[in-house]
Amino acid sequence: MLNKALKQWFGFDAFKEGQQAIIQNVLDHKNTLGILPTGSGKSLCYQLPTYIKQQPTLIISPLISLMDDQVMQMRKNGERSVSYIHSGMSFEEKQKNLKRLKHSKFIFLSPEFILHQDNIKWITSINLGMIVLDEAHCITEWGYDFRPHYALIGEITKRFKKATVLALTATAPLHLKEDIESIVQSEFDVVKTKMSRDNIMLSHINFDNDAQKNEWLKAAIQTTGPTIIYVSSKKKCRELAQMIYDEGYLTGIYHGDLSYQERQTVQQQFIQNKIPIIVATSAFGMGINKPDIRTIIHYHLPVSPSSYIQEIGRAGRDGQLSQAISLYQPDDYFLLETILFADVITDDDVAAMFAGVELPPEKQQIIKILASRYNQEEIQAIFKVSANRKQEGLLKMMGYKNLKTCRRNYLMSYFGESVSEIEHCCDNDQTVESIHVPNKKKVARKMDYLEKLNQIFI
Ligand code: ADP
Ligand code: MG
């Protein structure tokens with residue numbers, strides 16, 4: 001019966017691994033955590049049940065770019081009954097979507113928007129059949145010091161007692177199930193296939209300083225094909241893009257401080273192969289459906305195995321051999337530590353706030369949001385657990401840079417997954433080959449006087 005529905009709604013002959021089990025669970029009203037690798041068809045796991053149930057589905061989505069991408073894909077496939085609202089939209093667009101929203105089959109919103117006091121009431125009046133937590137690792141991975149509303153998702157789900165909750169992600173650390181269960185206050189079934197993406201080769205290189213990294217990078221990008229270079233600072237993002245441009249390649253930068261329009265433009269240029277290389281912070285890439293990304297370079301190591309697996313998972317969605325190369329030099333450690341712990345909320349911060357002491361506005365606001373649901377001790381516990389996990393993730397990545405054994409095995413063990421021996425696995429197995437897809441140099445060279453004359457007059 002499900003196969004028939006799949007054919008009817010999507011024209012596909014067979015389910016991909018894991019899809020059917022997830023869909024069956026959802027139709028049986030079981031809250032489910034679906035862990036399927038990037039590109040394995042997670043969206044269909046909520047789309048098909050929505051068609052079968054003929055009831056609207058709310059998709060809680062963490063990123064504007066992700067919403068844009070999903071909505072665009074669905075509309076391209078002919079689905080008109082989709083609405084979404086985010087902060088990058090114009091006032092008119094928002095109004096248009098607001099009108100459509102109550103009658104849509106698929107509704108994409110951020111937790112912040114839903115929980116806003118002006119919205120939660122009327123959203124509650126929608127007769128939802130399902131609530132989807134897309135990219136569900138964000139619930140714990142980003143930490144509540146960044147997106148505190150994720151800790152309040154239970155406030156949304158409890159208003160829809162009849163709706164089944166489906167959490168979807170490609171990277172689930174072992175504690176994710178427990179975290180989701182505690183936030184949603186309900187049990188979850190887990191459907192998991194393999195997380196390891198075997199067509200992505202893993203390598204790591206240690207350097208003494210950035211100058212060495214840059215020399216390596218200049219040579220490497222000649223043949224890395226469509227490439228994302230991840231960096232952990234906006235300043236480095238600009239510097240590297242300039243360097244790559246000076247080398248003659250078209251490139252773009254992507255980070256959180258750019259306007260929505262700027263980010264959209266760069267993303268589209270990259271997806272359409274108008275620029276071969278993009279230099280980005282971790283704000284880029286989630287849910288991006290570009291099949292032929294051949295190389296992911298981490299100029300700075302990411303802060304945890306989860307971030308790493310997420311970010312390299314953007315390569316090779318087409319199944320072709322791809323590569324993930326991480327770089328490190330000793331000063332990077334301080335950068336990573338700063339990213340993770342500079343603005344961390346401590347026991348004292350929480351205690352001070354509850355005692356009525358004024359904190360820096362950002363911290364103040366985060367604790368205030370959490371305090372709408374949790375008491376002082378609970379909030380302190382939330383941040384303690386979060387700090388421990390950050391530390392644990394960082395340590396694991398520090399181990400990665402010195403690793404002499406199989407990299408895949410080391411990373412996957414963090415997720416409780418054992419790996420089988422494969423060809424082209426990692427540099428420590430000595431079976432990697434370099435990708436050799438030339439990147440064209442396209443930046444126009446400055447013309448000299450005679451050349452200019454020739455172009456104008458001849
Ligand atoms: P994910 O969210 O897991 O990264 P998507 O939901 O974006 O992946 O799906 C990736 C691609 O796989 C899409 O182009 C989708 O149409 C396709 N797809 C999904 N399910 C099937 C299926 N059963 N058979 C063939 N293609 C599928
Ligand atoms: Mg997806």
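Residues numbered from 1 in each chain as written. Chains lettered and ligands numbered in written order. Predicted model: local features only at pLDDT ≥ 70, side-chain atom pairs only at ≥ 80, totals over all residues. Heavy atoms only, no water.

Enquirer: Explain the overall build of the protein chain here, please?
Expert: Assigned secondary structure in the protein chain consists of 20 helices and 13 strands. By the compact-globule yardstick of 23 Å for 458 residues, the protein chain fits well, its C-alpha radius of gyration being 23 Å. With the principal axes as the frame, the protein chain shows a C-alpha extent of 70 × 55 × 50 Å. Per-residue burial over the protein chain gives 54% buried out of 458 residues. (Helix = DSSP H or I, 4+ residues; strand = E, 2+ residues; numbered from the N terminus. Rg over C-alpha atoms; globule rule 2.2 N^0.38 Å. Buried < 20%, exposed > 50% of the residue type's maximum accessible area, 1.4 Å probe, protein only.)

Enquirer: Could you clarify how one ought to interpret the sheet that holds strand 6 (residues 164-169) in this entry?
Expert: Strand pairing in a sheet is mediated by backbone hydrogen bonds. Such pairs are either parallel or antiparallel. Strand order across the open sheet formed by seven strands is 3-4-2-5-6-1-7, with parallel pairing between neighbours. At either margin of the open sheet sits one strand with a lone partner, and together these are strand 3 (82-84) and strand 7 (189-192). Pairs of neighbouring strands in the sheet enclose a mean axial angle of 20 degrees, with direction left out of account. Where strand 3 lies against strand 4 (residues 106-109), three bridges are found, and the strand directions are parallel. Bridge pairing in strand 4 links Val-82 to Phe-106. Relative to strand 3, helix 5 (residues 91-101) is tilted by about 130 degrees, and along the sheet it contacts strand 3 and strand 4. (Pairing = 2+ DSSP bridges. Axes fitted to C-alpha atoms, helices over the stretch in contact; angles between N-to-C directions. Contact = heavy atoms within 4.5 Å.)

Enquirer: Mind showing me how you'd approach the environment of Ala-151 here?
Expert: In this fold, Ala-151 is placed in the loop between helix 8 (138-141) and helix 9 (153-157). When the C-alpha positions of Ala-151 and Val-184 are compared, they lie 9.0 Å apart, and in sequence the two are 33 residues distant. The contacts of Ala-151, once residues within four sequence positions are left out, are Tyr-144, Ile-183, Leu-370, Arg-373 and Tyr-374.

Enquirer: Is there a simple way to explain the domain arrangement of the protein chain in this structure?
Expert: Bring the parts together and some accessible area is lost; that lost area is often taken as the interface size. When cut into domains, the protein chain gives domain 1 (2-192) and domain 2 (200-334 + 397-457). Taking the mean C-alpha position of each, domain 1 and domain 2 sit 30 Å from one another. Across the domain 1/domain 2 interface, buried area totals approximately 1,800 Å², and carbon plus sulfur atoms make up 53% of it. Joining domain 1 to domain 2, the criterion identifies one salt bridge. Among the salt bridges present, the one from Glu-417 reaches Lys-192, with a minimum N-O distance of 2.7 Å. Ranked by the residues each element gives to the side of domain 1 that touches domain 2, the list is headed by helix 4 (residues 64-76), at six residues. Looking at the side of domain 1 that touches domain 2 residue by residue, the classes come out as ten nonpolar, nine polar and five charged. (Domains from an automatic or database assignment. Buried area = accessible area lost by both parts, 1.4 Å probe. Salt bridge = Lys/Arg side-chain N within 4 Å of Asp/Glu carboxyl O. Nonpolar A, V, L, I, M, F, W, Y, C, P; charged D, E, K, R; others polar.)

Enquirer: Any chance you could explain the nonpolar core here in plain terms?
Expert: Across soluble globular proteins, nonpolar side chains have a tendency to be buried as a group. With 89 residues, the main nonpolar core has Leu-58, Leu-109, Leu-133, Tyr-144 and Ile-180 as its most contacted residues. When residues of this core are assigned to domains, at least three fall in each of domain 1 (2-192) and domain 2 (200-334 + 397-457). Not counting chain neighbours up to four residues away, the residues in contact with Ile-180 comprise Leu-33, Ala-136, Ile-139, Ala-167, Gln-185 and Phe-188. Of all hydrophobic cores here, the second largest spans 28 residues; its members include Ile-22, Tyr-46, Val-82 and Leu-168. (Core = buried A, V, L, I, M, F, W, Y, C linked by side-chain atoms within 4.5 Å.)

Enquirer: Looking at this structure, I do not really get the sheet that holds strand 10 (residues 251-254). What am I missing?
Expert: On the basis of which strands lie adjacent, the open sheet formed by six strands has the order 8-13-12-9-11-10 and parallel pairing. Every interior strand has two partners, whereas the edge strands, strand 8 (200-206) and strand 10, have only one. Each strand of the sheet is rotated relative to its neighbour by a mean of 15 degrees, with strand direction disregarded. Pairing of strand 9 (residues 227-230) with strand 11 (residues 277-280), which is carried by four bridges, proceeds in the parallel orientation. Of the residues in strand 11, the one forming a bridge with Tyr-230 is Ala-280. Strands in contact with helix 12 (residues 234-246) are strand 9, strand 10 and strand 11; relative to strand 10, the strand with the most contacts, it is inclined by about 175 degrees.

Enquirer: Even after reading the chapter, I still don't get the site of ligand 1, so can you show me in this structure?
Expert: Near ligand 1, the surroundings consist of 14 residues, among which Ala-14, Gln-19, Gly-39, Lys-42 and Ser-43 are the closest. Backbone polar atom of Gly-39 to an oxygen atom of ligand 1: 2.6 Å apart, as the coordinates give it. A distance of 3.2 Å separates an oxygen atom of ligand 1 from a polar atom in the backbone of Ser-40. According to the grid-proximity analysis, the pocket containing ligand 1 is the second largest pocket. Class assignment for the residues of the shell around ligand 1 results in five nonpolar, six polar and three charged. (Near = heavy atom within 4 Å. Polar contact = N/O pair within 3.5 Å; in protein donor to acceptor, adjacent residues only side chain to side chain. 1 Å grid on protein atoms, 1.4 Å probe; cavity = no way out; pocket = protein on both sides within 12 Å on 5 of 7 lines; lining within 4 Å. Sits in = over half its atoms within 2 Å of the grid points.)

Enquirer: Help me out: how do you make sense of the layout of surface pockets in this one?
Expert: One way to see where empty space is left: roll a probe the size of a water molecule over the atoms. Looking at the second largest pocket, its volume works out to about 950 Å³. In this structure, the second largest pocket is lined by 36 residues; those nearest its centre are Gly-41, Ser-43, Leu-44, Asn-289 and Arg-317. Listed by contribution, the elements that provide at least two residues to the lining of the second largest pocket are helix 1 (2-10), helix 3 (44-53) and helix 4. With five residues, the top contributor of residues to the lining of the second largest pocket is helix 4. (Points joined across faces, edges and corners; volume = space filled by probe spheres on them.)

Enquirer: Explain the pattern of salt bridges to me, please; I cannot follow it from the model alone.
Expert: Where charged atoms from two side chains of opposite charge come close, those side chains can pair. According to the stated counting rule, one finds 21 salt bridges in the structure shown. The salt bridge involving Glu-155 is made with Arg-373; its shortest N-O contact spans 3.8 Å. With Glu-155 in helix 9 and Arg-373 in the loop between helix 17 (361-371) and helix 18 (376-401), this residue pair connects regions lying 218 residues apart in the sequence. Overlapping salt bridges bring together Asp-210, Lys-213, Lys-235, Lys-236, Glu-239 and Asp-332 as one network.

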